[in-house]
Amino acid sequence: MRNVVLTRVDERLIHGQVMTSWLKLCNANVILIIDAGSASNAFLKRILFAAAPKDVELQVMNEADAAAYLKEDSPDGEKVLVLSKTPPVSYTHLRAHET
């Protein structure tokens with residue numbers, strides 16, 4: 001399973017507080033955004049990639065793809081920060097980690 005160090009629900013997804021505080025606090029090197037709307041919209045994805053720090057890997061996925069991704073083994077040293085807009089998406093993420 002992926003090494004998730006923080007899950008945050010915030011409709012803004014990537015913004016200054018995430019970049020300046022949360023990434024440093026949990027020392028994440030991967031951001032996983034679980035949002036079907038962003039995952040299916042090339043323009044929104046470009047905005048998210050532009051907002052993310054260059055030294056942090058960004059993944060933008062729908063719920064099904066994110067659940068599969070989170071079940072994969074983490075490479076050594078990987079620390080994933082999961083962002084979603086709504087609590088039900090985070091609940092789905094947490095359930096995926098249980099199995």
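Residues numbered from 1 in each chain as written. Predicted model: local features only at pLDDT ≥ 70, side-chain atom pairs only at ≥ 80, totals over all residues. Heavy atoms only, no water.

Caption draft 1: Expanded view of the pattern of salt bridges. Scanning the entire structure with this criterion turns up five salt bridges. Among the salt bridges present, the one from Glu 78 reaches Arg 2, with a minimum N-O distance of 2.9 Å. Taken as a pair, Glu 78 in the loop between helix H4 (63–71) and strand E4 (80–84) and Arg 2 in the segment before strand E1 (4–9) lie far apart in primary sequence, 76 residues in all. For the pair formed by Glu 78 and Arg 2, the shared burial category is buried. With a shortest N-O distance of 3.9 Å, Asp 35 and Lys 85 are connected by a salt bridge. Taken together, the residues span a long stretch of sequence, with Asp 35 in the loop between strand E2 (30–34) and helix H2 (36–39) and Lys 85 in the loop between E4 and helix H5 (87–98) at a distance of 50 residues. For Lys 85, a relative accessible area of 35% translates into the label partly exposed. Linked by salt bridges that have partners in common, Arg 2, Glu 72 and Glu 78 make up one network. (Salt bridge = Lys/Arg side-chain N within 4 Å of Asp/Glu carboxyl O. Helix = DSSP H or I, 4+ residues; strand = E, 2+ residues; numbered from the N terminus. Buried < 20%, exposed > 50% of the residue type's maximum accessible area, 1.4 Å probe, protein only.)

Caption draft 2: Region of interest: the nonpolar core. Formed by 16 residues in total, the largest nonpolar core has its most connected members in Ile 14, Ile 31, Ile 33 and Leu 58. Those elements that provide at least two residues to this core are helix H1 (16–26), E2, strand E3 (57–61) and E4. It is H1 that contributes the most residues to this core, three residues altogether. Apart from the residues lying within four places of it in its own chain, the contact partners of Ile 31 are Met 19, Leu 23, Val 56, Glu 57, Leu 58, Gln 59, Leu 81 and Leu 83. Residues Val 30, Ile 34, Met 61 and Ala 66 belong to the second largest nonpolar core, which totals nine residues. (Core = buried A, V, L, I, M, F, W, Y, C linked by side-chain atoms within 4.5 Å. Contact = heavy atoms within 4.5 Å.)

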